[in-house]
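Chain by chain, the residues:
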Amino acid sequence: MKPILPSESQQNMRVVHYVPPLFALIIAAAWLTSLRASNRALEQDNRSLQEKIAESRSSPGSRDERARSGAKSDRASANSARAKRETKPADVEVKPLSEFKPTAGDFNELVLLNNNEGVRFNLTEACRRLEALASEMSGDELVRAYTQMGSLPVDAPFRNYLEWLMLNQLKKKNPEFAFSQLIAKCQNEDTGPIKMGDFNEWLARDPSAATTWYENQLEAQVFDKTLDGKTPNMVPFEAAFIMSLLASDPAAAEQRMNNIPPDLRASLGDYVWKVSKENSKAFVELLRKSMPMEDYIAILKDNSLTEYHFRFDSDSDPQAVQKNLDSLGFTPEECSTLMTQHFAEIAKAQAMRDKFGMPSREKFDEDRARIQAIDPSSADRATGFALQSYLAESKTTSAQDFVEKVALDYHGSGAGDEILLPLIEGSAKGSIPFPKERARVLADKITDARLREEMLQKLD
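Residues numbered from 1 in each chain as written. Predicted model: local features only at pLDDT ≥ 70, side-chain atom pairs only at ≥ 80, totals over all residues. Heavy atoms only, no water.

K.L.:
I keep staring at the overall build of the protein chain and nothing clicks. Help me out?
P.N.:
Counting its regular elements, the protein chain contains 23 helices and zero strands. Nonlocal contacts in the protein chain, meaning residues at least 24 apart in sequence, comprise 64% of its contacts between residues at least 6 apart. Of the accessible surface of the protein chain, which amounts to about 25200 Å², a share of 53% is contributed by carbon and sulfur atoms. (Helix = DSSP H or I, 4+ residues; strand = E, 2+ residues; numbered from the N terminus. Contact = heavy atoms within 4.5 Å. Areas by Shrake-Rupley, 256 points an atom, 1.4 Å probe, with all protein chains shown as cover.)

K.L.:
In this structure, what is going on with the packing of aromatic side chains? I would like to understand it.
P.N.:
For any pair of aromatic rings, the description consists of the separation of the ring centres together with the inter-plane angle of the planes. Within this structure, the stated rule accounts for 20 aromatic pairs. Judged by centre distance (5.6 Å) and plane angle (90°), the rings of Y146 and F177 are edge-to-face. Taken together, the positions of Y146 in helix α7 (residues 139-148) and F177 in helix α9 (residues 175-188) put the pair 31 residues apart, joining distant regions of the chain. Note on accessibility: Y146 and F177 belong to one class, buried. Arranged with centres 5.7 Å apart and planes meeting at 90°, the rings of F179 and F199 form a pair that is edge-to-face. One end of the pair, F179, is in helix α9; the other, F199, is in helix α10 (residues 199-205), with 20 residues separating them in the sequence. Here the two residues F179 and F199 agree in accessibility, since each one is buried. Ring pairs connect the aromatic residues F179, F199, W202, W213, Y214, F223, F237 and F241, which therefore count as one cluster. For R256, the ring lying beneath its charged end belongs to F241, and the centroid distance is 4.1 Å. Taking the ring centre of Y410 as reference, the NZ or CZ of R361 above it sits at 5.1 Å. (Phe/Tyr/Trp six-rings, centres within 6.5 Å; stacked < 30°, edge-to-face > 60°. Buried < 20%, exposed > 50% of the residue type's maximum accessible area, 1.4 Å probe, protein only. Lys NZ or Arg CZ within 6 Å of the ring centre and 35° of its normal.)

K.L.:
Explanation requested: the layout of surface pockets in the structure shown.
P.N.:
Where empty space is left in the structure can be found by rolling a water-sized probe over the atoms. By volume, the second largest pocket amounts to about 300 Å³. For the second largest pocket, the lining is made up of 14 residues, of which N200, A240, M243, Y271 and K274 are closest to its centre. In terms of residue count, helix α12 (residues 235-245) provides more of the lining of the second largest pocket than any other element does, five residues in total. When the residues that make up the lining of the second largest pocket are grouped by side-chain class, the tally is nine nonpolar, three polar and two charged. (1 Å grid on protein atoms, 1.4 Å probe; cavity = no way out; pocket = protein on both sides within 12 Å on 5 of 7 lines; lining within 4 Å. Points joined across faces, edges and corners; volume = space filled by probe spheres on them. Nonpolar A, V, L, I, M, F, W, Y, C, P; charged D, E, K, R; others polar.)

K.L.:
Help me out: how do you make sense of helix α17 (residues 332-354) in this one?
P.N.:
An α-helical turn contains 3.6 residues, so any two residues separated by three or four positions project in the same direction. Across its 23 residues, α17 extends 32 Å between first and last C-alpha, which sits within 8% of the 33 Å expected from 1.5 Å per residue. Of all 23 residues in α17, 17 are buried, a share of seventy percent or more. (Expected span 1.5 Å × (residues − 1).)

K.L.:
What exactly am I supposed to notice about unusual backbone geometry here?
P.N.:
Trans peptide bonds make up the majority, and among non-glycine residues the majority have a negative phi. A positive phi is found at Q221, a non-glycine position, where the angle reads about 60°. You can see Q221 is positioned in the loop between α11 (207-219) and α12. In this model, Y308 sits at a positive phi of 65°, which is unusual for a non-glycine residue. You can call Y308 partly exposed: its relative accessible area is 47%.

K.L.:
Sorry, what's going on with the pattern of salt bridges here?
P.N.:
Opposite charge on two side chains makes pairing possible when the charged atoms of those side chains draw close. Scanning the entire structure with this criterion turns up 20 salt bridges. A salt bridge links K289 to E254; the shortest N-O distance between them is 3.7 Å. Of the two residues, K289 sits in helix α14 (residues 280-290) while E254 sits in helix α13 (residues 250-259), which places them 35 residues apart along the sequence. Given a relative accessible area of 52%, K289 falls into the exposed group. Of the charged contacts, one joins R368 and D380 as a salt bridge, the two residues approaching to 3.1 Å between their closest N and O atoms. Here the residue R368 occupies a position in helix α18 (residues 361-374), and D380 occupies one in helix α19 (residues 379-394), the gap between them amounting to twelve residues. Connected through shared salt-bridge partners, R361, D365, K405 and D409 make up one network. (Salt bridge = Lys/Arg side-chain N within 4 Å of Asp/Glu carboxyl O.)

K.L.:
Looking at this structure, I do not really get the nonpolar core. What am I missing?
P.N.:
Nonpolar side chains in soluble globular proteins tend to be buried together. In terms of nonpolar packing, the biggest core is built from 65 residues, with L268, F283, F364 and L423 touching the most fellow members. Contacts of L423, omitting those with residues within four sequence positions, involve L387, Q388, L391, V403, A407, I432, F434 and L442. Core analysis: the next-biggest nonpolar cluster, separate from the first, contains 40 residues, V111, F199, W202 and F223 among them. (Core = buried A, V, L, I, M, F, W, Y, C linked by side-chain atoms within 4.5 Å.)

K.L.:
How should I be thinking about the environment of E294 in this particular structure?
P.N.:
Secondary-structure assignment places E294 in helix α15 (residues 293-301). Overall, the relative accessible area of 46% leaves E294 in the partly exposed class. Spatially, the C-alpha atom of E294 lies 6.9 Å from that of T337, the residues being 43 residues apart in sequence. Dropping the residues within four chain positions of it, E294 is found in contact with T337 and Q341.

K.L.:
What exactly am I supposed to notice about the packing of helix α20 (residues 397-412) against helix α22 (residues 436-443) here?
P.N.:
In a packed pair of helices, the relevant descriptors are the angle between the two axes and the axis-to-axis distance. Axis separation between α20 and α22 bottoms out at 11 Å; the angle between their running directions is 10°. Taken together, α20 and α22 sit at an angle that is classed as roughly parallel. On the side of α20, the interface is formed by Q400, D401, E404 and L408, while α22 contributes R438, V441 and L442. For the contact of α20 with α22, the residue count by class is three nonpolar, one polar and three charged. (Axes fitted to C-alpha atoms, helices over the stretch in contact; angles between N-to-C directions. Parallel < 35°, antiparallel > 145°, perpendicular 65-115°, else oblique.)

K.L.:
I would appreciate a short explanation of α20 in the present structure.
P.N.:
For α20, spanning 16 residues, the distance from its first C-alpha to its last is 22 Å, which sits close to the expected 22 Å at 1.5 Å a residue. Looking at α20, one finds that the buried residues are A399, Q400, F402, V403, E404, V406, A407, Y410 and H411. Against α18, α19, α21 (421-429) and α22 lie the buried residues of α20. Phi for G414, located one or two positions after α20, is positive at around 115°.

K.L.:
Quick question: what am I supposed to make of the side chain of E334 here?
P.N.:
With respect to the element layout, E334 can be found in helix α17. The buried category is assigned to E334, whose relative accessible area is 2%. Residues within four places of E334 in sequence aside, it is in contact with R288, M293, Y296, I297 and G329.

K.L.:
Got a minute to help me understand the environment of K395 in this structure?
P.N.:
By the secondary structure assignment, K395 is in the loop between α19 and α20. Relative accessible area serves as the criterion here: at 57%, K395 is assigned to the exposed category. Linking K395 and A351, residues 44 residues apart in sequence, is a C-alpha distance of 9.3 Å. A distance of 2.7 Å separates a polar side-chain atom of K395 from the backbone oxygen of A392. (Polar contact = N/O pair within 3.5 Å; in protein donor to acceptor, adjacent residues only side chain to side chain.)

Here you go:
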C-alpha cells in the first residue's frame, strides 16, 4: 500500500472539517438504504428464477425429455451438446461441494456445481474433484457421463474442457469410443487432428484391436468428409503405423507413407517426433524418398533425433551438433537447408520482437556466429535468407535500412555473394518490401560478373 505523505494527510483533514457531521450521516444512511433495497430486489429475482427452474425440471414433460435424451446415441448427444454451446444457461441449484462423495454417480452434479464459475472454472476445487473422478471412473462410466452431458445445461468453454478431459481418459479405457468421437469432433468442429496423436499408444498396446478399428473406419469412409478430399485426419493414424513398421518392415512403412497425399506429408512432424537412434537411418531415408527436401528437413529440425539442437533457446556445443548431423548421414545440401530454415525462423522471431524497437545487430551477429561454427559452408546462404525473413516479417523502413547495412557489412568483410542473393531475388519477385533501387545497390556489389549481370537483369 502506498504510504500517505504528510501533506496529503493534512489536506484530507482540512476537507473533512468542511463537511458537517450530520449531513454526512444523512448521506451515508440514504446510501445504505438504497443498497439494501437493491440487494432485496436481486435476491427476490434470484429466488423466483430458481423456483421456475425447479418447477420446469420436476414437470413430467421435463422428466420424459431427460430420459429420452439420456437414451440417445453418443454421436447424437455430442451434436446436441455442440448446438447448445452458443448460449450460457441459467444457474441450476445443486448441493454444496462438501456433500459430494467421490463416486461416478456424482459426476454430472459436480459438473453443474462448477458450471457457473466463468473463465475460472478450471481453478476451482470442484474442477479438481472432476479431474480426479474422471481418472478413477471405468470406461463404461465415462462413456455414460460423456453421453449424458449432452442434455446438461453446460456453458460452452466448460463443456469443451470436460469433453477433452473425458476423452483423454477414454483413450486408455475405451479407445474405440474415444477416437471415434475425436474424428467426429475434427470433422464437425474447428479442431485439428493433433488430439489423435495418442493412437500410437493404443497401437503398441493392442495392435490387433487398433488395426481392426482403423480398417473399419476406412471401410466406413469416415475420413472422406473434408471439402477438398485431402483427409488430414488420417495423418496421425497412418503416422502411427509408419513408426510401428519402421524397424520390422521398412517396405510396409513406405507403403503406408504412400497412403498419405503428397501435400499432406509435411504435416507428419507432430506425430513422428520420437525416433530411436536404432531407427534413425531408416527414418531419414524414408523421408528422403517421400517428400521435397525443404519438407523433410523441417520435420527433422524439430525431431527428437536433433536433440533440441535447433530450438530458439539452444546453447548446445556446435561440435556436438556437427557430430549428431554426421551420425544421421546429412548431406552438405541437407545441412545447408537445415541451417537456412533455422536461421530464418530465428530472424522472423527477432523481427516480431523488434517491431516496437530498433533492430538488434548484436543478436543477429551472435546467431550468425553459431551457424558458422556448426556449418561454415552454409553460413552465407543462411544469413541471406535470414535477412530476407526478417524484412518480410517487419515490413518497415528501418528494417530495410537494417538488412541492407548488415548484408553490405558482411559482404564487405569477406562473406560470399550468396549473402546478397535472397534480398535481390525477393525484391525482383516482389515477395519482400525491398525497393529495386536498393536491390540494385546490392547487385552491383556481386563479385561474380556473370551472376551480377543475371541479378541486374532480374531487377529490370
